[in-house]
Amino acid sequence: MTRPITLFTGQWADLPFEEMCRLASEWGYDGLEIACWGDHLDVWQAAEDDGYVRAKLDTLEKYNLKVWTISNHLKGQAVCDDPIDERHRGILPDRIWGDGDPEGVRQRAAEEMKVTAVAARRLGVNTVVGFTGSSIWKYVAMFPPASAEMIEAGYRDFADRWNPILDVYEREGVRFAHEVHPSEIAYDYWTTVQALEAIGHRPEFGLNWDPSHMVWQDLDPVMFLWDFRDRIYHVDCKDTKKAIGNGRNGRLGSHLPWADPRRGWDFVSTGHGDVPWEQCFRMLNTIEYEGPISVEWEDAGMDRLRGAPEALEYVRNLAFDAPEAAFDAAFSTDG
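Conventions and cut-offs
Residues numbered from 1 in each chain as written. Predicted model: local features only at pLDDT ≥ 70, side-chain atom pairs only at ≥ 80, totals over all residues. Heavy atoms only, no water. Helix = DSSP H or I, 4+ residues; strand = E, 2+ residues; numbered from the N terminus. Rg over C-alpha atoms; globule rule 2.2 N^0.38 Å. Buried < 20%, exposed > 50% of the residue type's maximum accessible area, 1.4 Å probe, protein only. Areas by Shrake-Rupley, 256 points an atom, 1.4 Å probe, with all protein chains shown as cover. Pairing = 2+ DSSP bridges. Axes fitted to C-alpha atoms, helices over the stretch in contact; angles between N-to-C directions. Contact = heavy atoms within 4.5 Å. Phe/Tyr/Trp six-rings, centres within 6.5 Å; stacked < 30°, edge-to-face > 60°. Lys NZ or Arg CZ within 6 Å of the ring centre and 35° of its normal. Lys, Arg positive; Asp, Glu negative; His and termini not counted. Salt bridge = Lys/Arg side-chain N within 4 Å of Asp/Glu carboxyl O. Core = buried A, V, L, I, M, F, W, Y, C linked by side-chain atoms within 4.5 Å.

A short note on the overall build of the protein chain
At step 1: Looking only at helices and strands, the protein chain has 13 helices and 10 strands in total.
At step 2: In terms of overall dimensions, the protein chain is globule-like: its C-alpha atoms have a radius of gyration of 20 Å, near the 20 Å expected for 335 residues.
At step 3: Here the protein chain holds 335 residues, and 54% of them are scored as buried.
At step 4: For the protein chain, the computed accessible surface area is about 15400 Å², with 51% contributed by carbon and sulfur atoms.

Notes on unusual backbone geometry
At step 1: Note the cis peptide between Asp82 and Pro83, where omega equals 10°.
At step 2: Position of Pro83 among the secondary structure elements: in the loop between α4 (73-80) and α5 (86-89).
At step 3: The backbone phi angle of Ser183 is positive, close to 95°, even though this residue is not glycine.
At step 4: Looking at the secondary structure, you find Ser183 in the loop between β5 (175-179) and α9 (189-198).
At step 5: Residue classification places Ser183 among the buried residues on the basis of a relative accessible area of 19%.
At step 6: Even without a glycine there, the phi angle at His201 is positive, about 55°.

Focus on the sheet that holds strand β2 (residues 31-35)
In a beta sheet, neighbouring strands are held together by backbone hydrogen bonds and run either parallel or antiparallel to one another.
At step 1: Judged by pairing direction, the barrel is parallel, and its 8 strands sit side by side in the order β1-β2-β3-β4-β5-β6-β7-β10 before closing back on the first. Here the average twist between neighbouring strands, direction ignored, is 30°.
At step 2: Here strand β7 (residues 232-237) runs beside strand β10 (residues 293-295); their pairing, made up of 3 bridges, is parallel. In the sheet register, Asp236 faces β10, and the bridge partner there is Ser294.
At step 3: Lying over the sheet, helix α8 (residues 148-172) contacts β4 (127-130), β5 and β6 (205-209), oriented at roughly 140° with respect to β5.
At step 4: Here helix α12 (residues 277-286) sits on the sheet in contact with β6, β7 and β10, set at roughly 155° to β7.

Examining α12
At step 1: Inspection of α12 places Trp277, Cys280, Phe281, Met283, Leu284 and Asn285 among the buried residues, and these make up the whole buried set.
At step 2: Residues of α12 that are buried in the fold lie against β6, α11 (221-227), β7, β8 (239-242), β10 and α13 (304-318).
At step 3: Glu288 sits one or two residues past α12 and shows a positive phi near 60°.

With respect to the environment of Arg251
At step 1: Relative to the assigned elements, Arg251 resides in the loop between β8 and β9 (265-268).
At step 2: Accessibility expressed as a relative area gives 30% for Arg251, which makes it partly exposed.
At step 3: Between the C-alpha atoms of Arg251 and Gln217, which are 34 residues apart in sequence, the distance is 7.9 Å.
At step 4: Each residue touching Arg251, except ones within four places of it in the same chain, is listed here: Trp216, Gln217, Asp218, Ile244 and Trp265.

Brief notes about the packing of aromatic side chains
At step 1: A complete count under the given rule lists 17 aromatic pairs for this structure.
At step 2: Between the aromatic rings of Trp216 and Trp265, the centroid separation amounts to 4.5 Å while the plane-to-plane angle is 5°, which identifies the pairing as stacked. In this pair, Trp216 is assigned in the loop between α10 (212-215) and α11 and Trp265 in strand β9, connecting sequence segments 49 residues apart.
At step 3: Accessibility expressed as a relative area gives 7% for Trp265, which makes it buried.
At step 4: Here the aromatic rings of Trp258 and Phe267 are separated by 5.1 Å at their centres, their planes lie at 35°, and the arrangement is tilted.
At step 5: A residue is classified by how much of its surface remains accessible, and Trp258, at 46% relative accessible area, is partly exposed.
At step 6: Grouped by ring-pair contacts, the aromatic residues Phe158, Trp162, Tyr169, Phe176 and Phe205 constitute a single cluster.
At step 7: A cation sits over an aromatic face here: Arg175 above Tyr233, 4.1 Å from the ring centre.
At step 8: The lysine or arginine in question, Lys238, covers the ring of Phe267, its NZ or CZ lying 4.5 Å from the ring centre.

Description of the side chain of Lys56
At step 1: Relative to the helices and strands, Lys56 resides in helix α3 (residues 50-62).
At step 2: One buried charge, Lys56, has no salt-bridge partner; the nearest side chain with opposite charge is Asp39, at 5.0 Å.

Focus: the nonpolar core
The nonpolar side chains of soluble globular proteins are, as a tendency, buried together.
At step 1: Counting 92 residues, the largest nonpolar core has Tyr29, Leu32 and Ile70 as its most contacted members.
At step 2: Per element, the largest residue contribution to this core is 10 residues, and it comes from helix α7 (residues 102-123).
At step 3: Once residues within four sequence positions are removed from consideration, Tyr29 is found in contact with Ile5, Thr6, Leu7, Ala24, Leu65, Val295, Ala308, Ala311, Leu312 and Arg316.

Following this line, the structure appears as structure tokens:
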């Protein structure tokens, strides 16, 4: 059941796609989780242009790489978000931003997420990873008080906007793996339960498991795998190091930039943080997850050209297969 190890290209989208392929191949990755921004993948071209798809696949083959997953976090974020503001302008292309009218942005983002399913199918990929956005994340501080009706309306809004998108995924034979992440409709255990209930547990909607977002919230990433074992459609390896406990550093980050020592936590390269990786990989074996293991490299205190190959070595050493038989089977006296 040895699983392929891929590199998510989202943090490398400043590099040309072929250069990204060359680096990943030299480091020993099995493939890429391709981000739908930069020049790495234009989903509209992929949905309409056979030559464009062939060129991407040929480049991957040239460097002995494969693709199992594509990711469109930035457009997915805009589907449900409220407010839509200058933060979104910074991450969205002109074709999605348009005149900046919030509802127009949401609708154009939704159309791109539909097209992403078509692009995935044409690339031979069955999973799209991404964000959903949320109209109720703004209420997370609970003051001024948000009523139960307001929260329920947020989950209805999510279902109303994403069910038509998921209809396209169903038609194309592609799954959407929502990354459980603060600022999204599902960001912890209970909100994940609510999100799945909101869309009727339809099989096109599952989860991208990234434990880095759980550690700083004091969630158990191992039990999350067990509790949602039938919905783990993709795995991203990113780590978090907590620096809470000195009486000053807060869990919410204090509006401080990454790697600032006054923060309460920071993303770090896989293996340098507080994620219990060996327990996580053992649980992935237990739930029989057979998809790719994707390194999502983020560390504001380390050069990425060192971090990406180091993370690959770390993950490969831990992503061992489960045994074919229980160890105590050897004690049997039969036969």
